[in-house]
Amino acid sequence: MKGDKIIFFQIIIILLLICLFGFLINNLIINLIRTDLGFNFSWLLKPASFALAEHALPYSPSDSYAWALLIGWLNSLKVIFVSLFLSTILGIIIGLSRTGNNVLLKIISSFYITIIRQTPLLLQLMFWYFVGFLGLKNNFINFTNLLKINNQGIEFLGLSLTSEFSALIIGLSVFTSAFIAEVIRGGIISVPKGQWESFRSLGLSERNGLIRVIIPQALPAIIPGLTSQYLNLAKNSTLAIAIGYSDIYAINDTIINQTGRAIECFIILLLTFLILNLLITNLMETINKFINKKNFLY
Amino acid sequence: MNTIIKVKNISKSYSRGLLALDNVSLKVNQGKVLVIMGPSGSGKSTLIRTFNGLETFDAGEIDILGIKINSNYDERRIQKIRKRVGMVFQQFNLFPHLSILDNITLAPLNVQKRTRIDAEEFGMYLLNQMGISMHAGKYPSQLSGGEQQRVAIARALALKPELLLFDEPTSALDPERINEVLDVMRKLAQDGMTMVVVTHEINFAKDVSDQILFMDSGKVIETSTPDIFFSNAKHERSRKFLNQLDK
Ligand SMILES: Nc1ncnc2c1ncn2[C@@H]1O[C@H](COP(=O)(O)OP(=O)(O)O)[C@@H](O)[C@H]1O
Ligand SMILES: [Mg+2]
């Protein structure tokens, strides 16, 4: 009897979903007819005819929309992976300071986490861009030509980063690091107190104990939280448009304005983000499996 | 006689008011076994944990193997003590992500910088002594409580300590598993290991200890030989405690 009821409800839910889908597709067709565009991707090969300040591969306005989108993707990936790396390092340092014995570090790190987590990311990006970089003098830091920081961006060992890119990676890294720090802290406090007492009573240093005893046991609790922070980071990177960095979303936006191909563009955006996020998830799952195999043959 | 532990008037309170340790003094000579008894919450764990710096204290002085510590937490001295003093806990606290042998060799490899061959050879010797060498490649969760506690003892012995601390080593074990751990401890005592043992095991205390220290509310109520303590305890509170244990 109970099983019948569940099946009945499931059928109703499926019917409702079909209706909703039908409604959306109907809407889409009506809109496509009204704008007289039709659904196709051949426009991708036409020249984009807009300039891009940042491109990892050669690009000129006479290149196609498809090429412009690829450039946008490379710009996004650059931001996502650099921020992913920086936010992890920063998050680990802050997370460990938060759980450590040093009272001053504890206060500073919890202050950092609170402030960063309580302010909107958009605001923080604006801050890093307009106050952090554009507000700088022409010659803010110039350390024997090895490291230059000014309103044009950052120059480091011959590597030159624009102010948009710099503000974006700093903003995203700082924002994400506060969440990663909490994930790290959660993982570490999930390890029983007895484990700390055990390694200490064996004469292991705090650093050694952390590396060989605590972190390996904290990782299974940390990895899932870290994965979701990485996915958030990838999605948050689309806020690049707010400070004029040409990521995939910003370029998509420009193309929609020029061509009116909103539906195709959103499909491209959705699919590519889906692929990226699946990649991140899979990578993290592989790491997780590797760790579990290596350490936890219970 | 060499004195291994000398505790002079130490006191400690966790929060203001209640004293977990109230002016405690004691002495343990080389090769001797001190058993600490007392009701739950009397400060036994707090006391034994001050010996290797797992717990700080507010006043007084402790001398372990000639290394003096006081209320100022001196990390370098405590580290020195920990390298020469082993500890065994009620909950075993083995490292669940490491094999039995890796549990034992972790400290020799990282603290004493011994070679792996050397550390593993000594680790296997210790497991043999504990009668559990067949479990060397297993993980802690695959062992019974009694076996895990014997691994914990082997782990504590791996640094060749001059003093062993036990905090209720059999309290978390099934009754039929208690003796396999007590037997190992008896053998250690016979071989001349200096030991401090917090326990409620009367027979072990009678047979093995040289001294019984009875605590209540953070104070040392009496220190006696086991003969006197179990037949003719000096203090009213000790007798009451023993009566309750018998029931
Ligand atoms: N971490 C702690 N924080 C606050 N109070 C504690 C803590 N550990 C122990 N105490 C208190 O100190 C007293 C002595 O505890 P403990 O040394 O564990 O006693 P025992 O081992 O004899 O049972 C108890 O009153 C206990 O509640
Ligand atoms: Mg206790």
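Details of the structure are given in the entry above.
Attention here is on the structure that accompanies the text. Owing to the predicted nature of the structure, the values given are computational and were not obtained by experimental measurement.

**A short note on the packing of aromatic side chains**
Residues and elements named next belong to chain B.
Next up, step 1: Evaluation of the coordinates by the stated rule reveals 13 aromatic pairs over all chains.
Next up, step 2: Each ring, one from Phe122 and one from Tyr125, has its centre 5.9 Å from the other, and the planes form 15 degrees; the classification is stacked. Of the two residues, Phe122 and Tyr125 both sit in helix H4 (residues 116-129), three residues apart, roughly one turn of that helix.
Next up, step 3: Using a relative accessible area of 18% as the deciding quantity, one classes Phe122 as buried.
Next up, step 4: Take Tyr125: its relative accessible area is 45%, and that puts it in the partly exposed class.
Next up, step 5: Residues Phe229 and Phe230 carry aromatic rings whose centres are separated by 5.2 Å and whose planes lie at 85 degrees to one another, so their mutual orientation is edge-to-face.

**Brief notes about the interface of chain A and chain B**
Interface size, as often reported, equals the accessible area lost upon joining of the parts.
Next up, step 1: Contact residues are listed per partner, giving 21 residues for chain A and 24 residues for chain B.
Next up, step 2: Roughly 2000 Å² of surface becomes buried between chain A and chain B when both sides are summed, with 57% attributable to carbon and sulfur atoms.
Next up, step 3: Inspection of the region where chain A meets chain B yields one salt bridge.
Next up, step 4: Across the pair Glu197 of chain A and Arg49 of chain B runs a salt bridge whose closest N-O atoms are separated by 2.9 Å.
Next up, step 5: Put simply, chain A and chain B have nine residue pairs in polar contact (both at pLDDT 80 or more) between them.
Next up, step 6: Elements that contribute at least two residues to the side of chain A that touches chain B include exactly helix H6 (193-201), helix H7 (206-236) and helix H9 (262-295) of chain A.
Next up, step 7: In terms of residue count, H6 of chain A provides more of the side of chain A that touches chain B than any other element does, seven residues in total.
Next up, step 8: Residues of the side of chain A that touches chain B, tallied by class, amount to eight nonpolar, nine polar and four charged.

**Observations regarding a positive patch on the surface**
Next up, step 1: Positive charge collects at one region of the surface, where Arg207 and Arg212 of chain A together with Lys83 and Lys113 of chain B lie side by side.
Next up, step 2: Its location among the elements puts Arg207 of chain A in helix H7.

**Structural notes on a nonpolar patch on the surface**
Next up, step 1: Together, Phe140, Ile141, Phe143, Leu146, Phe156, Leu157 and Leu159 of chain A make up a nonpolar patch on the protein surface, roughly 710 Å² of accessible area in all.
Next up, step 2: Classification of Phe156 of chain A by relative accessible area gives partly exposed; the value is 42%.

**Structural notes on the site of ligand 1**
Residue and element names in this part refer to chain B.
Next up, step 1: All residues in the neighbourhood of ligand 1 are listed as Tyr14, Ala20, Pro39, Ser40, Gly41, Ser42, Gly43, Lys44, Ser45 and Thr46.
Next up, step 2: At a separation of 2.7 Å, an oxygen atom of ligand 1 approaches a polar backbone atom of Gly41.
Next up, step 3: Contacts to ligand 1 include Gly43, whose backbone N or O atom sits 3.1 Å from an oxygen atom.
Next up, step 4: Relative to its unbound accessible area of 550 Å², ligand 1 is 57% covered by the protein chains.

**Focus on helix H5 (residues 145-157) of chain B**
Next up, step 1: Taking 1.5 Å as the rise per residue, H5 of chain B with 13 residues should run 18 Å; its terminal C-alpha atoms sit 18 Å apart, in good agreement.
Next up, step 2: H5 of chain B sits mainly inside the fold: 12 of its 13 residues count as buried.
Next up, step 3: Turning to H5 of chain B, its buried residues number three or more, namely Gly146, Glu147, Gln148, Gln149, Arg150, Val151, Ala152, Ile153, Ala154, Arg155, Ala156 and Leu157 of chain B.
Next up, step 4: The inward-facing, buried residues of H5 of chain B contact H6 of chain A together with strand E6 (85-88), helix H3 (100-110), H4, strand E7 (163-167) and helix H6 (178-190) of chain B.

**Some thoughts on the packing of helix H2 (residues 65-99) of chain A against helix H3 (residues 103-118) of chain A**
Residues and elements named next belong to chain A.
Next up, step 1: Close contact between H2 and H3 brings their axes to 7 Å; oriented N to C, the two are set at 125 degrees. Accordingly, the angle class assigned to the pair H2 and H3 is oblique. The way H2 lies across H3 gives a crossing that is left-handed. From H2, Leu90, Ile94, Ser97 and Arg98 reach across to H3, where they touch Leu105, Lys106, Ser109, Ser110, Tyr112 and Ile113.

**Focus on helix H9 (residues 236-246) of chain B**
All names here are of chain B.
Next up, step 1: Among the residues of H9, Ser238, Phe241 and Leu242 are the ones counted as buried. Across the axial projection of H9, the buried residues extend over an arc of 100 degrees, all falling on one side. Exposed residues pointing more than 90 degrees away from the buried face of H9 are listed as Lys240 and Gln244.
Next up, step 2: Buried positions along H9 lie against strand E3 (33-37), strand E9 (211-216), strand E10 (219-224) and helix H8 (226-232).

**Considerations on the sheet that holds strand E2 (residues 147-150) of chain A**
Residues and elements named next belong to chain A.
Next up, step 1: Strands sit in the order E1-E2-E3-E4 across an open sheet of four strands; the sheet is antiparallel. Across the chains shown, the open sheet's two edge strands, defined by having one partner strand only, are strand E1 (141-143) and strand E4 (159-162). Between one strand axis and the next, the sheet turns by 10 degrees as a mean value, whatever way the strands run.
Next up, step 2: Bridging between E2 and strand E3 (residues 153-156) involves four bridges; their strand directions are antiparallel. Residue pairing for E3: Leu147 is matched across the bridge by Phe156.

**Side note on the side chain of Ser177 of chain A**
Residues and elements named next belong to chain A.
Next up, step 1: In this structure, Ser177 sits in helix H5 (residues 163-189).
Next up, step 2: Of the residues examined, Ser177 reaches a relative accessible area of 0% and is grouped as buried.
Next up, step 3: Contact partners of Ser177, with chain neighbours within four places excluded, come to Ser87, Leu90, Gly91 and Tyr112.

**Quick look at the sheet that holds E7 of chain B**
Residue and element names in this part refer to chain B.
Next up, step 1: Taken together, six strands build an open sheet; the order of strands is E6-E7-E8-E3-E9-E10 and the sheet is mixed. Bordering the open sheet on either side are E6 and E10, each of which pairs with just one other strand. Averaged over all pairs of adjacent strands, the angle between their axes in this sheet comes to 15 degrees, without regard to strand direction.
Next up, step 2: Alignment of E6 against E7, held across four bridges, turns out to be parallel. Bridge pairing in E7 places Val88 opposite Phe166.
Next up, step 3: Contacting E6 and E7, helix H2 (residues 75-84) crosses the sheet at an angle of about 70 degrees to E6.

Thresholds applied
- Residues numbered from 1 in each chain as written.
- Chains lettered and ligands numbered in written order.
- Predicted model: local features only at pLDDT ≥ 70, side-chain atom pairs only at ≥ 80, totals over all residues.
- Heavy atoms only, no water.
- Phe/Tyr/Trp six-rings, centres within 6.5 Å; stacked < 30°, edge-to-face > 60°.
- Helix = DSSP H or I, 4+ residues; strand = E, 2+ residues; numbered from the N terminus.
- Buried < 20%, exposed > 50% of the residue type's maximum accessible area, 1.4 Å probe, protein only.
- Contact = heavy atoms within 4.5 Å.
- Buried area = accessible area lost by both parts, 1.4 Å probe.
- Salt bridge = Lys/Arg side-chain N within 4 Å of Asp/Glu carboxyl O.
- Polar contact = N/O pair within 3.5 Å; in protein donor to acceptor, adjacent residues only side chain to side chain.
- Nonpolar A, V, L, I, M, F, W, Y, C, P; charged D, E, K, R; others polar.
- Patch = residues over 30% accessible without salt bridge, like charges linked within 9 Å, V, L, I, M, F, W, Y side chains within 5 Å.
- Areas by Shrake-Rupley, 256 points an atom, 1.4 Å probe, with all protein chains shown as cover.
- Lys, Arg positive; Asp, Glu negative; His and termini not counted.
- Charge placed at Lys NZ, Arg CZ, Asp CG, Glu CD.
- Near = heavy atom within 4 Å.
- Expected span 1.5 Å × (residues − 1).
- Axes fitted to C-alpha atoms, helices over the stretch in contact; angles between N-to-C directions.
- Parallel < 35°, antiparallel > 145°, perpendicular 65-115°, else oblique.
- Left-handed = near helix turned anticlockwise from the far one by under 90°.
- Arc of directions from axis to C-beta.
- Pairing = 2+ DSSP bridges.

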